[in-house]
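Structural features, examined
Here are the chains, one letter per residue:
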Amino acid sequence: PLAKGDESKIKKKALNVRQEKNGAVSIENLIEEQCHNAEDLSTLMDRGNEQRTTASTAMNSESSRSHLVLIVRIKSTNRETKEVLKGKILIVDLAGSERR
């Protein structure tokens, strides 16, 4: 999980998935951060990758031992019409999903 602050003090916390009574899904200890440009997003992704657990397998010497779920929400406002467009990109990398 990504956390703000001094990276040397960041402790990995379990991301427990909960379903609320109204059916909404929430994830404990999940942190959402804003990115204002591609460089911010790249830096954030690098930080997240550094926090992933890896180990050697028969298929890959640095196989990820943790899942990755990346949600990129995009909000764009037309400066002339003030129309707001929203989008979402979901990227999932499952731990140990290499195949022979």
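Attention here is on the structure that accompanies the text.

Rules behind the numbers
Residues numbered from 1 in each chain as written. Predicted model: local features only at pLDDT ≥ 70, side-chain atom pairs only at ≥ 80, totals over all residues. Heavy atoms only, no water. Helix = DSSP H or I, 4+ residues; strand = E, 2+ residues; numbered from the N terminus. Buried < 20%, exposed > 50% of the residue type's maximum accessible area, 1.4 Å probe, protein only. Areas by Shrake-Rupley, 256 points an atom, 1.4 Å probe, with all protein chains shown as cover. Salt bridge = Lys/Arg side-chain N within 4 Å of Asp/Glu carboxyl O. Patch = residues over 30% accessible without salt bridge, like charges linked within 9 Å, V, L, I, M, F, W, Y side chains within 5 Å.

**Thoughts on the overall build of the protein**
Summing up its helical and strand segments, the protein has 1 helix and 6 strands in all. Starting at the N terminus and ending at the C terminus, the protein contains elements arranged as β-β-α-β-β-β-β. Counting across all 100 residues of the protein, residues that qualify as buried make up 11%. Just so you have it, the protein exposes about 8,700 Å², and 49% of that area is on carbon and sulfur atoms.

**A word on the pattern of salt bridges**
One pass over the full model with this rule turns up 3 salt bridges. One salt bridge connects Glu 28 with Arg 18, and the closest N-O pair in it is separated by 2.9 Å. Of this pair, Glu 28 sits in the loop between β2 (25-27) and α1 (38-50) while Arg 18 is found in strand β1 (residues 17-19), placing the two residues 10 residues apart along the sequence. Residue classification places Glu 28 among the partly exposed positions, given a relative accessible area of 32%. Among the ionic pairs, Arg 73 bridges to Glu 32, the shortest N-O distance being 2.8 Å. Of this pair, Arg 73 sits in strand β5 (residues 68-77) while Glu 32 sits in the loop between β2 and α1, and the two are 41 residues apart along the sequence. With relative accessibility at 56%, the residue Arg 73 sits in the exposed group.

**Comments concerning a nonpolar patch on the surface**
Taken together, Leu 15, Val 17, Val 25, Ile 27 and Leu 30 make up a surface patch of nonpolar side chains, about 460 Å² in accessible area. One can find Leu 30 in the loop between β2 and α1. Overall, Leu 30 belongs to the exposed group, its relative accessible area being 54%.

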